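Topology and contacts: notes
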Amino acid sequence: MTHVSGDELEELREAFQKVDIDGNGFISSNELDQLFKAANFQLPGYRVREITQSLMARGDLNKDGKISFDEFIIIFSDLKSGDIAKTFRKAINKKEGITAIGGTSQQYCAGTQHSYSEEEKYAFVNWVNKALEKDPDCKHVIPMDPNSDDLFSAVGDGIVLCKMINLSVPDTIDERTINKKKLTPFTIQENLNLALNSSSAIGCHVVNIGAEDLKEGRPHLALGLLWQIIKIGLFADIELSRNEALVALLREGESLEDLMKLSPEELLLRWANYHLEKAGCNKINNFSSDIKDSKAYYSLLNEVAPKGDEEGIPAIQVDMSGLREKDDLQRAECMLVQADRLGCRQFVTATDVVRGNPKLNLAFIANLFNKYPALQKPENQDIDWSSIEGETREERTFRNWMNSLGVSPRVNHLYSDISDATVIFQLYEKIKVPVDWNKVNKPPYPKLGGNMKKLENCNYAVELGKNQAKFSLVGIAGQDLNEGNRTLTQALLWQLMRRYTLNMLEELGDGQKVTDDTIVTWVNRILQEAGKCSSISGFKDPKISTSLPVLDVIDAIQPGSVRYDLLKTEDLTDEEKLNNAKYAISMARKIGSRVYALPEDLVEVKPKMVMTVFACLMGSGMKRV
């Protein structure tokens, strides 16, 4: 695989997503054509075709008529210079009203230009204003002016980010740990640590974002992080185990398993087409070029609007007369007036609709779905409802950990999304196990024999684990990963996560080998040196259920940080244990530990997750020495 830096990878991913209009993970020649049209480049048709053909020739390695993200990376060097490359980059930057900015970091000083979308800034500011308008802790910055740069200064103290994280994934951050009054540079730093580490814990990719970046209000980083947080919240219920009414979207011949494999984006598209079909309208293939005339949106709004037959919900009549408007922009504005009547005029302006901004239109549709899904759970006795299993805590932890590392594609469903092992190969590279990418079959896979290609990948993944990583994979075969065997897949993922955690400690300790005993010994030593009464015998110690040993370690690392007056220390009920655990997990993140475990893991003393908590705290302690 072509080597690119983390910053370059982020820029390439951002550029790829702008060109990949339908969000299917590939760039087609048609999308390249649309890119130049959207950027309003005054180029003759032959010139557009020439640029498109050149880029496709460079990138389409398997000659399937489209470019994957991996292929896009391979042509990265060609995009750095040359006439075609310059024209292509200009088109990307011009699309969606992109604003180029500079900065003061080392990368900026080297001449790197980062860009951000004014439309996205406007949309996110309005969303945050509405979400936090009644929060007394945000009165110092809310409401923000969407036409100014208020947002970039507002995120600088971490409070807004912490609040938005809790709105997207409730109870992620214990409110008691947010510094809200008489802020100093030190307490602001703590808030930003808390926000960044909590973002990572819910699956945001924050590897290249630091507290200093947010404190200084670097626009592209602030917007990128905020979008990830908002998107996680918007997509939270677009998942079969959380919303069984989605079964209504099953097509003939499909199984529940087929439906469960769809990403939130794919489910939203299917949901929109389900209602468009009911309305007797043409289906759409994307939320960009296919919705520019607003006609699909009009029909969708009319179909999902309350009809007054539901208990306590009054009917809302959608005025369809705006369809007669000849001007696309005016028609879009009329449509948004109707969306406003449903309380769903968020994320897009009329211009965003007409331009087909894929990110903002996706958010608009997700918000509409969340408010008015208009789906009925079918009373079909043939459906095996028991096969719909919700995600376990451990599965969610693994998935969020992988996503926080920036794996591509993003993992929405743990087993189906890693069944070709391409994500696992990326995790091997994160733990410094070399992958021979020439041996890896890359998507898209052929319809005939495609699963055999995935199985070959999985066999190679197990081989790497046994021979290179020296993992204990007794009884695990490639077929187990390919078929999504829950127990055996988790066994591999746990060893990857464990090695990743220990590697970080070994780097801090100049390469010295770290074991479970090393961590336990360190915990007891730092507790003793700090004059604490607690200690642990291991990661199964029942005392850990109170979270007091964890909190004592935190206070030993940063003396005076833990407010013991907020805690119950004796004769704890289960609720009081959970209360302590929530505080402990948030405090660990606040002092700089990237903890992925959940409060329940401490209360139930889950040894694997407990180990990661103490290991991350050990890393924070070693950094401060």
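Shown above is the structure to which this text applies.
Before going into details, it helps to say that this report is about the structure given with it. Worth saying up front: this structure is predicted, and the values here are computed from it rather than measured.

Time to look at helix α18 (residues 358–371). Residues lying three or four places apart along an α-helix face the same way, a consequence of the helix completing one turn every 3.6 residues. Its 14 residues place the ends of α18 20 Å apart at the C-alpha level, agreeing with the 20 Å of an ideal helix rising 1.5 Å per residue. Where burial is concerned, most of α18 is hidden: 11 out of the 14 residues are buried. Where α18 is concerned, the buried positions are P358, L360, N361, L362, A363, F364, I365, A366, N367, L368 and F369. For α18, the elements touching its buried residues are α7 (118–132), α12 (219–235), α14 (264–278), α15 (295–304), α16 (328–341) and α17 (350–355). Of the residues that open α18, the one with a side-chain oxygen 3.2 Å from the backbone nitrogen of K359 is N357.

A few words now on the pattern of salt bridges. Counted by the stated rule, this structure contains 34 salt bridges. Here K163 makes a salt bridge to E175, at a shortest N to O gap of 3.0 Å. On the criterion of sequence distance, the pair formed by K163 in helix α9 (residues 159–168) and E175 in the loop between α9 and α10 (185–201) is long-range, its members being 12 residues apart. Residue K163 is classed as buried on the basis of its relative accessible area, which comes to 5%. Salt-bridge contacts for E395 lead to R486; the nearest nitrogen and oxygen are separated by 2.7 Å. Placement of E395 in helix α19 (residues 393–404) and of R486 in helix α23 (residues 486–508) is noted, with a sequence separation of 91 residues between them. Among the residues examined, E395 registers a relative accessible area of 3% and is labelled buried. Taking the relative accessible area as the measure of exposure, R486 reaches 28% and is therefore partly exposed. Among the ionic contacts, a cluster of salt bridges with common partners joins D135, D137, K163, E175 and K180.

What counts as what
Residues numbered from 1 in each chain as written. Predicted model: local features only at pLDDT ≥ 70, side-chain atom pairs only at ≥ 80, totals over all residues. Heavy atoms only, no water. Helix = DSSP H or I, 4+ residues; strand = E, 2+ residues; numbered from the N terminus. Expected span 1.5 Å × (residues − 1). Buried < 20%, exposed > 50% of the residue type's maximum accessible area, 1.4 Å probe, protein only. Contact = heavy atoms within 4.5 Å. Polar contact = N/O pair within 3.5 Å; in protein donor to acceptor, adjacent residues only side chain to side chain. Salt bridge = Lys/Arg side-chain N within 4 Å of Asp/Glu carboxyl O.

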